[in-house]
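# Reading the structure
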Amino acid sequence: MEREPRYRLAPSILSADFARLGEEVERVVAAGCDLIHFDVMDNHYVPNLTIGPMVCEAIRPRTTAPIDVHLMVKPVDALVPLFAKAGADLISFHPEASEHVDRTLSLIREHGCRAGLALNPATPLHHLDHVMDPLDLILVMSVNPGFGGQSFIPAALDKIAAIRRRIDRHAAETGRTIWLEVDGGIKPANIRAVADAGADTFVAGSAIFGAADADGGYRGVVGRMRAALADAGIEGRAA
C-alpha cells in the first residue's frame, strides 16, 4: 500500500495561464504537486467571477491527481452534484454560504466526494463544534477570499494551531484524520511557518504559476517549497 505524503501541495489554477490550462495542470503535477485546487467564485459571495463545472470536466482527463474544489459561492448545494459529476474529488464550502452546514457536508459525501469546510480570516471556530465527524478537510483562508496574489495574514498562524489541536483531539477520540489545508499567500519563504503551525496541505497560486522554470515547468519552485517543508521536520502528519 502506497504511503500518504507527509504534506500536500495544491496549486491553484486561478493563477495559471488559462490559454493553456491543460498543459499547466500537467506541468505542476509533473513537478511533484499532489492536488489541483479549483477556486470557484460567483461574484456574489465573493467579489470575483471565475470558473465552473465545465472547466473541471475539461481538466479531469488531463490528470489523475485529485481535484480539490473550493466553492466560494452562495448558495452552495446546487453546485455540489455538478462538480461531483465533473470529476471533483474534494469539495469545500463556507459555513456562511450554507443554510444547513451538516446537510451540505452530507450532500458532498453522498455524491462520492470528500467534504471540507472553509473558514475566512474572521470566521470563528465554533462553526466546527458539531461537524467534525463528517469533515475530511478544514480549509483555513489566510487571505480574504476573492482574488489571488494577496499577502498572507500572520494572525492565521494562531488559527491554524488552534484547529490543529482540535483535529488531533478528534483523531485521538475517533481514529479519523482530517486534513488541514491553508490557502492564501503561501510561498517558499513562509510555508515552513505554516507547516510548523500545523497545516499539512498547502494551496499556492501565484507563488507557483508565477515562478515557471525556463522550460515552462515548475520543478524549481515546487522543489523550494518541498525543501522548506523538509526542514520543518513534519513527520507523519498527513494520513
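All figures in this text were calculated on a predicted structure; none of them were measured in a lab.

Cut-offs applied
- Residues numbered from 1 in each chain as written.
- Predicted model: local features only at pLDDT ≥ 70, side-chain atom pairs only at ≥ 80, totals over all residues.
- Heavy atoms only, no water.
- Buried < 20%, exposed > 50% of the residue type's maximum accessible area, 1.4 Å probe, protein only.
- Helix = DSSP H or I, 4+ residues; strand = E, 2+ residues; numbered from the N terminus.
- Right-handed = clockwise from strand over helix to strand, strands pointing away.
- Pairing = 2+ DSSP bridges.
- Polar contact = N/O pair within 3.5 Å; in protein donor to acceptor, adjacent residues only side chain to side chain.
- Contact = heavy atoms within 4.5 Å.
- Expected span 1.5 Å × (residues − 1).
- Salt bridge = Lys/Arg side-chain N within 4 Å of Asp/Glu carboxyl O.

What follows is about the pairing of strand 3 (residues 67-72). A large share of strand 3 lies buried, amounting to six of its six residues. Residues I67, V69 and L71 line one face of strand 3 and the alternating positions D68, H70 and M72 line the opposite face, and both faces are buried. For the crossover that starts at strand 2 (residues 36-41), traverses helix 2 (residues 53-59) and ends in the parallel strand 3, the hand is right-handed. Taken together, the four bridges between strand 3 and strand 4 (residues 90-93) define a ladder with parallel strand orientation. In the strand pairing of strand 4, D68 is matched with L90. Handedness of the crossover joining strand 3 and strand 4 through helix 3 (residues 79-86): right-handed.

Turning next to the side chain of H70. Looking at where H70 falls in the secondary structure, it is placed in strand 3. When its relative accessible area of 0% is taken as the criterion, H70 is described as buried. Side-chain polar atoms of H70 contact the side chain of H94, separated by 2.8 Å. If we skip the residues at most four places from it in the chain, H70 touches H37, F38, D39, V40, S92, H94, A118, L139, M141 and D183.

Here the focus is helix 5 (residues 156-174). The end-to-end C-alpha separation of helix 5 is 26 Å, in line with the 27 Å expected for 19 residues at 1.5 Å each. Within helix 5 the residues assigned to the buried category are A156, K159, I160, A161, A162, I163, R164, I167 and H170. As for helix 5, its buried residues are in contact with strand 5 (114-119), strand 6 (137-141), strand 7 (179-183) and helix 6 (191-197).

Oppositely charged side chains are able to pair whenever their charged atoms sit close together. Inspection of every chain in the model, using the stated rule, returns 13 salt bridges. The closest approach of N and O atoms between E23 and R27, which form a salt bridge, is 3.9 Å. With E23 and R27 both in helix 1 (residues 21-30), this residue pair falls four residues apart, about one helical turn. Judged by its relative accessible area of 29%, R27 is partly exposed. Because the salt bridges share partners, they merge into one network encompassing R8, R164, D168 and D200.

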